Amino acid sequence: MFGTTSKKQQGKKIMASSSSAITNICVLVGLGIAGILLMTRKLKKVIKEDFGAFVVRLQLLPPPPPAPPKAPHPLSGLTFAVSDIFDIDGYVTGFGNPEWEKTHEPASRTAPVVSSAVEGGATCVGKTVVDELAYSINGDNKHYGEPTNPVAPTRISGGSSSGSAVAVAANLVDFSLGIDAIGGVRVPAAFCGVLGFRPSYGALSNMGTIPVSPSLDTVGWFARDPGMLRRVGHVLLQLSYADTRSPRNIVIADDCFELLKIPVNRIAQVVIKSSEKLFGKQVLKHANLDDYLGSKVPSLKQFNERSKNGEVKTSSLGSLANAMLLLQRHEFKYNHGEWINSTKSVLDSSITRQLQELGEATDAKVDNCQLVWNETRSALHSLLKDDGILVIPTVADLPPKAGAKEAVLEDYQRRASSLLSIATMSGCCQVSIPLGLHEKCPVSVSFVARHGADRFLLDTVQTMYATLQEQADIAVKSGSSNSVLSQEESAEIAKEKGNNSFKDKQWQKAIGFYTEAIKLNGKNAAYYSNRAAAYLELGSYLQAEADCTKAISLDKKHVKSYLRRGTAREMLGFYKEAVEDFGYALVLEPTNKRASLSADRLRKLFL
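Residues numbered from 1 in each chain as written. Predicted model: local features only at pLDDT ≥ 70, side-chain atom pairs only at ≥ 80, totals over all residues. Heavy atoms only, no water.

**Student:** Tell me about unusual backbone geometry, and name the residues and values.
**Tutor:** For residues besides glycine, phi is generally negative; the peptide bonds are generally trans as well. The linkage connecting Pro-68 with the following residue, Pro-69, adopts the cis geometry, with an omega of 10°. Considering the arrangement of structural elements, one finds Pro-69 in the loop between strand E1 (54-60) and strand E2 (79-83). For the bond running from Gly-159 to Ser-160, omega is 10°, close enough to zero to count as cis. Along the chain, Ser-160 turns up in the loop between strand E3 (123-128) and helix H4 (162-169). Of note, Gln-238 is a non-glycine position whose phi angle comes to about 55°, a positive value. Following the sequence through the fold, Gln-238 ends up in the loop between helix H6 (226-236) and strand E7 (249-253). In this structure, Lys-344 is a non-glycine residue whose phi angle is positive, near 50°. Within the secondary structure, Lys-344 sits in the loop between helix H10 (316-343) and helix H11 (349-358). (Helix = DSSP H or I, 4+ residues; strand = E, 2+ residues; numbered from the N terminus.)

**Student:** Summarise the environment of Ala-287; cite the residues concerned and give the values.
**Tutor:** When you line up the elements, Ala-287 lands in strand E8 (residues 284-287). Distance in space between the C-alpha atoms of Ala-287 and Leu-383 is 9.6 Å, their sequence separation being 96 residues. Setting aside residues up to four positions removed in sequence, Ala-287 forms contacts with Val-251, Ile-252, Ala-253, Asp-254 and Asp-255. (Contact = heavy atoms within 4.5 Å.)

**Student:** Can you break down the pattern of salt bridges residue by residue, with the values?
**Tutor:** A full pass over the atoms with the stated rule returns 22 salt bridges. For Lys-495, the salt bridge identified is with Glu-492, shortest N-O distance 3.4 Å. One end of the pair, Lys-495, and the other, Glu-492, are both in helix H14 (residues 454-503), 3 residues apart, so they sit about a helical turn from each other. Among the residues examined, Glu-492 registers a relative accessible area of 33% and is labelled partly exposed. Residue Arg-569 pairs with Asp-581 through a salt bridge whose shortest N-O separation is 3.1 Å. A residue pair is termed long-range when its members are at least 10 positions apart, and Arg-569 in helix H18 (residues 559-572) and Asp-581 in helix H19 (residues 575-588) qualify at 12 residues. Neither residue differs from the other here; Arg-569 and Asp-581 are each classed as buried. Through salt bridges that share partners, Arg-353, Glu-357, Glu-406 and Glu-410 make up one connected network. (Salt bridge = Lys/Arg side-chain N within 4 Å of Asp/Glu carboxyl O. Buried < 20%, exposed > 50% of the residue type's maximum accessible area, 1.4 Å probe, protein only.)

**Student:** Can you break down the nonpolar core residue by residue, with the values?
**Tutor:** If you look at soluble globular proteins, the nonpolar side chains tend to sit buried side by side. Grouped together as the largest cluster of nonpolar side chains are 79 residues, with contacts concentrated most on Phe-80, Phe-86, Phe-175, Leu-177, Trp-221 and Phe-447. Looking at which element gives the most residues to this core, the answer is H14, with 9 residues. Setting aside chain neighbours within four positions, we find Leu-177 in contact with Phe-80, Ala-81, Val-82, Ser-83, Phe-86, Val-113, Val-114, Ser-164, Gly-220, Trp-221 and Leu-236. Ile-137, Val-187, Cys-256 and Leu-358 belong to the second largest nonpolar core, which has 47 residues in total. (Core = buried A, V, L, I, M, F, W, Y, C linked by side-chain atoms within 4.5 Å.)

**Student:** Please set out the pairing of strand E5 (residues 195-198) residue by residue, giving values where relevant.
**Tutor:** Because side chains alternate across E5, one face comprises the buried residues Leu-195 and Phe-197, and the other comprises Gly-196 and Arg-198, equally buried. Bridge analysis of E5 against strand E6 (residues 218-223) gives 3 bridges, and the strand direction is antiparallel. If you follow Phe-197 over to E6, its bridge partner there is Trp-221. When E5 meets strand E10 (residues 429-438), the two strands line up antiparallel, connected through 3 bridges. Paired with Gly-196 across the strands is Ser-432, a residue of E10. (Pairing = 2+ DSSP bridges.)

That is the geometry; function is a separate question.
Here's what the structure looks like:
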């Protein structure tokens, strides 16, 4: 009896267990199917038909076309979109924040620049996503989502006019409008692989737009091809057609290209070869823009950052970026601080933190920003004159990955700000030009012309665009077949240039060339050690120590690196460590008199 009952109970347990297992499997299968459906829905939500570019769909129709034989309107048949920072009659300007939308009335008139495009024959079809309060250059908005970059869907689209750039890149409209204060048009244009134009400051009216930083805000526009960019520019800027002028000076800012996180030749050489092909070698000039601005813009010294020992640790371009960001944040807080406090709106953490860090900017500091602006404009006018083009990277990095950590975004923004500040803090016009893809991400170059030379810049883009694309294709093909060899050779050439500059006591220039060599081949200890020698000459001991440490990690028998690190550590007051370095050099090279004398001297004096 006990045996039979036990078997029955075991049977029931097995049946129950089997039933439970089947139930669990069904649940898991169900969850799996639900998960697939959920993921499918999520994907559809992320990559919608409009790529998440629009917040409002609308129609502003142009006037009827004139009867023949009169010419049609210049923008006839085109569609465009505008960032949700432009007023459109009857609609609340959302400014990338639902709380803002709730606390503001619909606009009573349309922004003049939007009206100009409509009167020119184009149809406005909607408002596009901007970063929250149009503040950032990331292209992310926690309220409306992150527009999907059509060219590189796993990467950010850039901001603040993210939706407008995406709408053009996705072929949803022919052109679009945005606002550029610290890069709001140029960055998303670069990241989405389209043309982005920031005109000269004051060339277009900002009436009917929400101010971000009135001293810097400039209406800009996006297009997929130079003909469209120029066509829109002629209407908005009210330019009459005239003969096209070719540039007489094309200035390559070599030091700006050293900031790049991709091979320099992928962009700089494309422009150089295109310029030579179209205009000849005589138009090309090279400049160290950081040194040039350092000598021509004395007010930048007010914005230097210093280390604890008083050593200047920012470049001239870094100081220019500091001035730009101070002015942007100060004016943003002045314009919107009261609203933020009264509504107690919970903003993106980066906005809140930066406004808190700003504190109370002194009037003198803000006034100095204006002085920097005036001096920088004058300096670039002297460099470029009426027929010059300055060539710089639009941004230093490939678009960061969507959802990247805040530290990664802050790092790219810091490098980008140095480049973006050049046009922003001079009022010059700038255009970002796509040059194809690198590692499946858009890359670009920027042309800058003096303040007021907008027509000349638009004409230059029109003239050079096809050749630039042709050379970009050649660079991609040649780079994919010979990348390892060419990079090593290029690195050696850059090192030799650095050695020559070092011999001529041009320390900063030598650092630039050694940096280029390191970017091309970062596994060569000599490049780091040579750069350390130049840093020592400039008294930049921390940088010299860091470079020597890197060199030693690559080659533990690199005697010069121990000697140079010992010197740097001695100057920094780390005497024990300096003696150790000189000692290592002696072990590797027992007859080295410099190591022997330095070690003995330090032991007697300090140990």
